[in-house]
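Fold and contact review
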2 protein chains.
Amino acid sequence: MISFEEFIMQDGSPIYQQILLFIKRGIIAGIIKDGEELPSRRVLSALLGVNPNTVQKAYRLLEEEKLIQSLQGSRSTMVLTEEKVRSIREELLEEDARSAVQKLKQMGISREEAVELIERYWDKESNL
Amino acid sequence: MISFEEFIMQDGSPIYQQILLFIKRGIIAGIIKDGEELPSRRVLSALLGVNPNTVQKAYRLLEEEKLIQSLQGSRSTMVLTEEKVRSIREELLEEDARSAVQKLKQMGISREEAVELIERYWDKESNL
DNA sequence: TCAACTGTATTATACATATAATACACTTAA
DNA sequence: TTAAGTGTATTATATGTATAATACAGTTGA
């Protein structure tokens, strides 16, 4: 089951994108599996405290990427293949690692300091 | 001198915030020093290919944080103390590291994989 | 002096994001 | 059967972001 209770709103980027990325990272982690049902738009919006239209926008993008299948009256279900998961994994890992390294380099951090920093915050961050 | 040629537009977050963070990271790296003159709003906007008002918004925020001093007719100059630099360093390092670790954990990446990933992208990323 | 540059401000327009309030057709389960 | 839940769609409003076109007052350097 998908645990949206772990969803942490990080201000800055659009909410619908945060939802989209949260689901994609869950897919990569293997927590969200093929055939699994997503919470309904209304339920998830209530859970996150956002507008139903915002959740709908995230779900519509998942639909366009063919990662979910939606039918009127029933909840949307995940449609995943190994190939899709591998593709998403590359896309997100690439972007997140590249972005983090770029920022740290801009601050004049050394490679060794960067590794130390990641290791230190690894323990600080609550487990997901 | 501040080298804004190294500025890379990353879509997603507002441009004025990207400019603000680019300058703050330059301060942390020690590239941008106390008393130094920033490019004028018009010059920087032309250099980055964005609207002068967008640069002005970033500079206004720097002004509000008392990191620059602006006088009509003259270019704005950096007003930095060791304490301010230390404060910005904590703020940004904290946020960037925390954010990176959170994303990697959400993807089910292990601590060892994360370190490997960072080290691999450290060499990929062009030097700044 | 004075032209060119500077910071600052205003108005208008356009687009993206988010919320709110509905509405309708379909499915599910009691 | 039918009430409740579902996906989907529309309209309106508000806010933030970015651009464009000006305008004005102050500074600088030839």
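Reference entry: report on the structure contained in this document. No experiment lies behind these values; they were computed from the predicted model shown.

A separate point is the overall build of chain A. When helices and strands are counted, chain A shows five helices and two strands. Listing each helix as α and each strand as β along chain A from the N terminus yields α-α-α-β-β-α-α. Expressed along its principal axes, the backbone C-alpha trace of chain A runs to roughly 55 × 35 × 25 Å. Here chain A, with 128 residues, has 41% of them falling under the buried criterion.

Turning our attention to the protein's contact with DNA strand D. Close to DNA strand D lie 24 residues, the nearest being Arg41 and Arg42 of chain A together with Ile15, Tyr16 and Asn53 of chain B. Sugar and phosphate atoms constitute 62% of the interface atoms of DNA strand D, taking the interface as everything within 4 Å of the protein. In this structure, arginine 41 of chain A approaches DNA strand D through a side-chain N or O atom, which is 2.5 Å from a phosphate oxygen. Contact between DNA strand D and asparagine 53 of chain B: a base nitrogen at 2.8 Å from a side-chain N or O atom of the residue. If you list the elements that add at least two residues to the surface near DNA strand D, you get α2 (41–48) of chain A together with α1 (15–29) and α3 (52–64) of chain B. For the surface near DNA strand D, the per-class residue count stands at six nonpolar, 13 polar and five charged.

Parameters and conventions
- Residues numbered from 1 in each chain as written.
- Chains lettered and ligands numbered in written order.
- Predicted model: local features only at pLDDT ≥ 70, side-chain atom pairs only at ≥ 80, totals over all residues.
- Heavy atoms only, no water.
- Helix = DSSP H or I, 4+ residues; strand = E, 2+ residues; numbered from the N terminus.
- Buried < 20%, exposed > 50% of the residue type's maximum accessible area, 1.4 Å probe, protein only.
- Near = heavy atom within 4 Å.
- Polar contact = N/O pair within 3.5 Å; in protein donor to acceptor, adjacent residues only side chain to side chain.
- Nonpolar A, V, L, I, M, F, W, Y, C, P; charged D, E, K, R; others polar.

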